[in-house]
Each structure stands twice: as structure tokens, then as C-alpha cells.
Amino acid sequence: MPVIESNGIQLAYDTLGNRKNEPVLLIAGLGLQLISWPEEFCRTLAAQGFYVIRFDNRDSGLSTKMDQLGKPDLAMAFMKSMFHMPILSGYTLYDMGKDATGLLDALEISKAHIVGASMGGMIAQIIAGTAPHRTLTLTSIMSTSGRPGLPGPTMAANSALLSRPANPRDINSVIDHFVRTFRVIGSPGYPTPEPVLRRQVEASIRRNICPAGTARQLLAIAASGDRGAMLDTIRARTLVIHGTDDPLVPIACGRDTARLVRGAILHEIKGMGHDIPPALEVGLAQLIGAHLKGELIEHAGGA
């Protein structure tokens, strides 16, 4: 796995497709690694004539861990957010956006199509808003503007996220825990088969697991605030994709994001939750590919 310096840290990354084609930068979500972008999804994008780049965010995967920052007090951060008090964090999503554009610099890429899912969608929004000269198009998947008043996770999703493995030192117990979590937040209309989900979870855990890093990323989200005003400045062609059955980041958040970005296309998918299930990998990649090529017309429809 190649590693490259960006914004003062090391980022692990990989690529797929012809380097001469237009680049697509894929930005993963909270605690997830570059392998969370499914192989079939990436191959389908590359087959449509794109150079696909995916990477591990700081504090995840094989990229630099910000261990010098320690493990944050998320309970205190939550209390501060409730009372609209400033939250101090070692870094913010804006720093993570600079990591991503720094990766493009290191790869000698001036502009790219920016695609992000969940927290990665927030980072993608920031790149499109703060570095429009680096952004060919924006695709924000199952993400949010961060505006106050938007609905949060369901009780079931929140409970799943706050739960812990029965035995954190036993890999099978950890795998069981994450399988249950992903089952709760996943797509009810397109459930990932149990053996496939277990293989995905095990591959991720064996590659790397960093709970403290995930906590620091969560703090970065909390400290980065409301992106509503910034979204209004985005002029890149934008596609917002969101599942109607997302229990972690409800559909209202996707609708809000699409409303704030001028001319954004909103594509709602019935039965989709907070994942990219195997049944949707090819279709989503084809939809995004059409968007990158400018072949979608503005609508508010869904699948």
C-alpha cells in the first residue's frame, strides 16, 4: 500500500484506472478506511473512464494516527454542543480537507471530482466550498450540512454506535459487535448478506482498528460546526445522494444539503440506509459517473 506525505502527515492511498483520465477522489466516512469503498463500485467508476483515488483519512487505516492528541472526552463535547459552547479539538474537518487536497498536490493533480460519504461528504463539501479551483464536481452521499435543528440518529442507531464489544480483546467478539452495528445502520431494502458483511468487517479489523482515532474524528465533526452558509457559495455541479431509510443521518439532512447548494441534484434511494450495500454498488457508480460527465438533468427524484 503506497503512502505519501500530505499536509504534514502520511496518507495511505491506492488508485485504479488510467492516470490520464479525469481523477475522482473518494473520501471515506467516520472511522472507515479506503476499503470501505467497494471494489466493484471503484471498478465501475474506472470502467466509465475515470482515474479513481481512495485513501485513509488521518486517524484511520494505515494513515498517520494523531495519538499525541490523546482520547477526547466526547461526553463533555456533547454537553458543550448542547449549549452552543466552543469545542476544542486537535484538528477539524477543514484540516482533513487540506489533507485531501494535499494528496492531490502530491499526485500532481490540479483538479478532481470530489466524492464523499457521510463524514467524507462533509469533507467533500468543505473542499468544494473552500477550494473551488480544485473541484470539478461534488458528490455528497448520506451526509449533512451540520445545521442546528436537523434530526439526529434514531434511538436504535445511537444505541448501536454507543455499544461496545462484549470482549474487546477477542477478535470474534469485535467482529460480532461491528456486524450488529452495521446491520442496524445498513439498508433495510438492500441487506448485505451475512457472510459478505462478516468478511468486510473482518478485513477492516485485521487491516487496522483505531477507536481513539474514530473518537478524534467525531470530535472534529463536532468542532467544525454549521456549513450552511458555505454550501450556498458552492458553484461546482453537485449531486446529493441519500437513502430514505438512513437511521444515522436521516433523509432530511440530505434534502437540506441539496437545498442549500444552488442547482444541486438530489437523488433519493428508497430502502437505502447508511451504507453502500452490494446490490447498489454498480448502480451508484453508474449514477455518479453520469453526474461527473454532466449527463444528469436537475430533478428531485429517486430510485
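Look a little higher up for the structure.
Analysis parameters
- Residues numbered from 1 in each chain as written.
- Predicted model: local features only at pLDDT ≥ 70, side-chain atom pairs only at ≥ 80, totals over all residues.
- Heavy atoms only, no water.
- Pairing = 2+ DSSP bridges.
- Helix = DSSP H or I, 4+ residues; strand = E, 2+ residues; numbered from the N terminus.
- Axes fitted to C-alpha atoms, helices over the stretch in contact; angles between N-to-C directions.
- Contact = heavy atoms within 4.5 Å.
- Buried < 20%, exposed > 50% of the residue type's maximum accessible area, 1.4 Å probe, protein only.
- Lys, Arg positive; Asp, Glu negative; His and termini not counted.
- Salt bridge = Lys/Arg side-chain N within 4 Å of Asp/Glu carboxyl O.
- Left-handed = near helix turned anticlockwise from the far one by under 90°.
- Nonpolar A, V, L, I, M, F, W, Y, C, P; charged D, E, K, R; others polar.
- Parallel < 35°, antiparallel > 145°, perpendicular 65-115°, else oblique.
- Core = buried A, V, L, I, M, F, W, Y, C linked by side-chain atoms within 4.5 Å.

Let's shift gears to the sheet that holds strand 7 (residues 237–243). Strand order in this open sheet of eight strands is 1-2-4-3-5-6-7-8, and the pairing throughout is mixed. The sheet is open, and its two edges are formed by strand 1 (3–6) and strand 8 (265–269), each paired on a single side. Sheet twist, expressed as the mean angle between neighbouring strand axes with direction ignored, is 25°. As defined by bridge partners, strand 1 adjoins strand 2 (residues 9–16) across four bridges and the pair is classed as antiparallel. Pairing of E5 across the sheet is with Q10, part of strand 2. The strands that helix 3 (residues 93–106) touches are strand 1, strand 2, strand 3 (22–27), strand 4 (50–55) and strand 5 (112–117); relative to strand 1, the one it contacts most, it runs at about 115°.

What follows deals with the side chain of E281. One can find E281 in helix 11 (residues 278–292). For the buried E281, no salt bridge is present, and the opposite-charge side chain at shortest range is R43, 6.7 Å distant.

Following both chains from N to C, one finds helix 1 (residues 39–47) and helix 11 inclined at 35°, their axes separated by 8 Å at the closest point. For helix 1 against helix 11, the interelement crossing comes out right-handed. For the pair helix 1 and helix 11, the contacting residues are E40, F41, T44 and L45 in the first and E281, V282, L284, A285, Q286, I288 and G289 in the second. Here the residues of the contact of helix 1 with helix 11 sort into six nonpolar, three polar and two charged.

Geometrically, a packed helix pair is captured by the angle between its two axes and the distance between the axes. Remark: helix 6 (residues 171–185) packs on helix 7 (residues 194–207), axes separated minimally by 9 Å, with the N-to-C direction vectors making an angle of 120°. Taken as axis vectors, helix 6 and helix 7 run oblique relative to one another. Judged by the sense of rotation from one axis to the other, the crossing of helix 6 with helix 7 is right-handed. Of helix 7, the residues touching helix 6 (which contributes I171, V174, I175, D176, F178, V179, F182 and R183) are E194, L197, R198, V201, E202, I205 and R206. Broken down by class, the residue content of the contact of helix 6 with helix 7 amounts to nine nonpolar, no polar and six charged.

Once that is clear, we can look at the nonpolar core. Among the nonpolar cores identified, the biggest contains 41 residues, and L25, I27, I53, F55, L93 and L103 are the most heavily contacted of them. Among the elements that make up this core, the one with the highest residue count is helix 4 (residues 119–130) (seven residues). Here I27 is in contact with W37, F55, N57, A100, I114, V115, G116, A117, G120, I123, A124 and I127, once residues within four sequence places are set aside. Formed by 26 residues, the second largest nonpolar core is a distinct cluster that contains C42, A117, L239 and M272.

Pairs can form between side chains of opposite charge once their charged atoms are near each other. Counted under the stated rule, the structure contains 15 salt bridges. Its salt-bridge partner being E39, residue R54 comes within 2.6 Å of it at the nearest N-O pair. Of the two residues, R54 is situated in strand 4 and E39 in helix 1; the sequence distance between them amounts to 15 residues. The shortest N-O distance in the salt bridge between E194 and R183 comes to 2.8 Å. Placement of E194 in helix 7 and of R183 in helix 6 is noted, with a sequence separation of 11 residues between them. The exposure class of E194 is partly exposed, given its relative accessible area of 37%. Exposure remark for R183: the relative accessible area of 33% places this residue in the partly exposed category. When salt bridges that share partners are traced, they join D14, E39 and R54 into one network.

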